[in-house]
Amino acid sequence: MLKSTNANEAAAKITALVVDDSRINQSIHRKLLNNLGIENQVAGNGKEAVDVHCSGKQFDLILMDMDMPIMNGIEATRTLRAMGIRSTIAGVSSHSHRGEDVQEFVEAGLDDYQEKPLTSSKLVSILQKVNNN
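A quick note: this is a predicted structure, and the numbers were derived from the prediction, not measured.

What counts and what doesn't
- Residues numbered from 1 in each chain as written.
- Predicted model: local features only at pLDDT ≥ 70, side-chain atom pairs only at ≥ 80, totals over all residues.
- Heavy atoms only, no water.
- Salt bridge = Lys/Arg side-chain N within 4 Å of Asp/Glu carboxyl O.
- Helix = DSSP H or I, 4+ residues; strand = E, 2+ residues; numbered from the N terminus.
- Core = buried A, V, L, I, M, F, W, Y, C linked by side-chain atoms within 4.5 Å.
- Buried < 20%, exposed > 50% of the residue type's maximum accessible area, 1.4 Å probe, protein only.
- Contact = heavy atoms within 4.5 Å.
- Axes fitted to C-alpha atoms, helices over the stretch in contact; angles between N-to-C directions.
- Parallel < 35°, antiparallel > 145°, perpendicular 65-115°, else oblique.
- Left-handed = near helix turned anticlockwise from the far one by under 90°.
- Nonpolar A, V, L, I, M, F, W, Y, C, P; charged D, E, K, R; others polar.
- Phe/Tyr/Trp six-rings, centres within 6.5 Å; stacked < 30°, edge-to-face > 60°.

Undergrad: Describe the pattern of salt bridges, with residues and values.
TA: Tallied over the full model, the rule gives six salt bridges. Where K116 meets D20, a salt bridge forms, and the shortest distance between an N and an O atom there is 2.9 Å. Here K116, found in the loop between β5 (112-115) and α6 (120-132), pairs with D20, found in the loop between β1 (15-19) and α2 (23-35); they are 96 residues apart in sequence, far enough to count as distant. Notably, a salt bridge pairs D51 with K47, separated by 2.9 Å at the nearest N-O pair. Of the two residues, D51 and K47 both sit in helix α3 (residues 46-54), four residues apart, roughly one turn of that helix.

Written as structure tokens, this is what we have:
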């Protein structure tokens, strides 16, 4: 069996959903994913993320912000997990949050948590969890 040593080849089959209300963060996260050849889509809040999944779309990875209008990342993560969504969900949020908030986010069903700004090395760390699922 051949093993791919090229990160782009391994990532080429991965799909991702970026869930963030900030257009700047959406752009940064999409650029990082695009640089690795990962097909991706954007949702502006947690409700949009849930709606996308209700329409039948599935993703290998969901990058989920914590603070968003309409439905925050904690509630969206809980809802997605209750729907049986098994995607790798990585919380990506600013470090200004209190520890209890981050803990609640993780307990909602995250597979990983990274502080913003998301970097290539943080994304590669998250992708290793996707490949292990």
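Undergrad: Lay out the nonpolar core in plain terms, naming residues and giving numbers.
TA: With 22 residues, the main nonpolar core has L17, V19, I62, M64, L80 and F105 as its most contacted residues. Listing elements by their share of this core, those giving two or more residues are β1, α3, β3 (61-64), α4 (73-82) and α5 (99-107). Apart from the residues within four sequence positions on either side, L80 is in contact with A49, V50, H53, I62, M64, I85 and I89. Counting residues in each nonpolar core, the second largest holds 16 residues, with A90, V92, L127 and V130 among its members.

Undergrad: Which residues make up the packing of α3 against α4, and what are the values?
TA: Taken N-terminus to C-terminus, the directions of α3 and α4 make an angle of 15°; their axes are 8 Å apart at the nearest point. Here α3 is positioned roughly parallel relative to α4, judged by the angle of their axes. Remark: the crossing between α3 and α4 carries right-handed chirality. On α4, the residues touching G46, A49, V50 and H53 of α3 are A76, T79 and L80. Considering only residue class, the contact of α3 with α4 consists of four nonpolar, three polar and no charged.

Undergrad: An account of the packing of aromatic side chains is needed here, citing residue identities and associated values.
TA: Enumeration over the complete set of coordinates arrives at one aromatic pair. Ring centres of F105 and Y113 lie 6.3 Å apart, and the angle between their planes is 75°; on these two criteria the pair is classed as edge-to-face. Here Y113 falls in the buried class, since its relative accessible area comes to 18%.

Undergrad: I'd like a description of unusual backbone geometry, backed by residues and values.
TA: Residues K116 and P117 are joined by a peptide bond in cis, for which omega reads 5°. In this fold, P117 is placed in the loop between β5 and α6.

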